[in-house]
Amino acid sequence: MVNVILATTKPRNSRIAKDLEDFLMIKIGNVKVTKSRFSGLLIIETELDPIEVSRIILRSPFAGTVLFRIIPIIEQINELNLEHLVNWVLSRINQCGGQKLLIRCRARGHGISNSDCEIKLAMMLKERGVNVGVESPGCLLLIECWEQGCGILMDRIDLIKEYALINIK
């Protein structure tokens, strides 16, 4: 199975995909970096663990200079189905240790705005007893969509900061 890491860069930075791919080929071997049809979104495909590849990218000269978000995709799904996402979260909510869940959704090209996705998903999870909110969250649910489907990252915020470049306030 091919694992995916998403990275965001400044729009129209055409050279970064090739430069990042060259860097990762030296560090880890077989990897493919392509530009998405969505401006500033790179798709990194590898056979290796996406969290480990994210850690390598975090230690690279690209992190924080030309790459602004590095998101290892833990679970890939074909479509943005909110009911499926609720069931997925419920089956894994224990990894949050009872901490409040922050929801972020980037529903690129899936016919729903980011904020509508976040609000609807939050309401559905609250109805099922999940502690969801933006004040002092301890856990993050991140849904990222691109051409080939959507991906999910859910983990405690203190752990995510160790392997992903995501600004969580």
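Anyway, here's the lowdown on the structure attached to this text. In every chain, residue numbers begin from 1 and rise along the written sequence. The predicted nature of this model means local features are confined to residues of pLDDT at least 70 and side-chain atom pairs, given and counted, to a pLDDT of 80 or more, with totals for whole chains, interfaces and linings taken over all residues. As a convention, hydrogens and water are excluded, and side-chain values are obtained from all of the structure's heavy atoms.

## Details of the environment of isoleucine 57
On the secondary structure map, isoleucine 57 appears in helix α2 (residues 50-58). A C-alpha to C-alpha distance of 30 Å links isoleucine 57 and valine 132, two positions 75 residues apart in sequence. Ignoring anything within four residues of it in the chain, the contact list for isoleucine 57 reads Ile5, Leu24, Ile44, Ala63, Leu67 and Ile70. Runs of H or I in DSSP of at least four residues are treated as helices and runs of E of at least two as strands, each being numbered from the N terminus. Should any heavy atoms of two residues lie within 4.5 Å, those residues are considered in contact.

## Comments concerning the state of the cysteines
The rule for a disulfide is simple: a pair of cysteine sulfur atoms within 2.5 Å. Evaluated as defined, the whole model comprises three disulfides. Residue cysteine 105 pairs covalently with cysteine 117 via a disulfide, S to S 2.2 Å. Between cysteine 105 and cysteine 117 the disulfide shows an S-S torsion of about 75°. By sign, it is right-handed. With cysteine 105 in strand β6 (residues 101-106) and cysteine 117 in helix α4 (residues 114-127), this pair connects stretches of sequence that are twelve residues apart. Comparing cysteine 105 with cysteine 117 shows no difference in burial state: the two are buried. One disulfide bridge connects cysteine 145 with cysteine 150, the sulfur atoms lying 2.1 Å from each other. Between cysteine 145 and cysteine 150, the S-S dihedral sits near 95°, and the bridge is therefore right-handed. Residue class for cysteine 145 comes out buried when judged on its relative accessible area of 0%. Residue classification places cysteine 150 among the buried residues on the basis of a relative accessible area of 1%. Using a 1.4 Å probe on the protein chains alone, a residue whose accessible area is under 20% of its type maximum counts as buried, one over 50% counts as exposed, and one in between counts as partly exposed.

## Digging into the packing of helix α3 (residues 82-92) against α4
To get an axis, fit a line to the C-alpha atoms, keeping to the stretch in contact for a helix; angles then go from 0 to 180 degrees between the N-to-C directions. In the contact formed by α3 and α4, the axes pass within 10 Å of each other and the chain directions differ by 50°. Judged on the interaxial angle alone, α4 and α3 are oblique. The element α3 and its partner α4 pack so that their crossing is right-handed. For the pair formed by α3 and α4, the contact residues are Leu82, Glu83, Leu85, Val86 and Val89 on the first element and Cys117, Lys120, Leu121, Met124 and Leu125 on the second. Polarity classes work like this: nonpolar for Ala, Val, Leu, Ile, Met, Phe, Trp, Tyr, Cys and Pro, charged for Asp, Glu, Lys and Arg, and polar for all others, with Gly in that last group. Tallied by class, residues from the contact of α3 with α4 come to eight nonpolar, no polar and two charged. Should an angle fall under 35 degrees it is called roughly parallel, over 145 degrees roughly antiparallel, and 65 to 115 degrees roughly perpendicular, with every other angle called oblique. Here is the rule for handedness: rotate from the far helix to the near one, and if that takes an anticlockwise turn smaller than a right angle the crossing is left-handed, while a clockwise turn gives right-handed.

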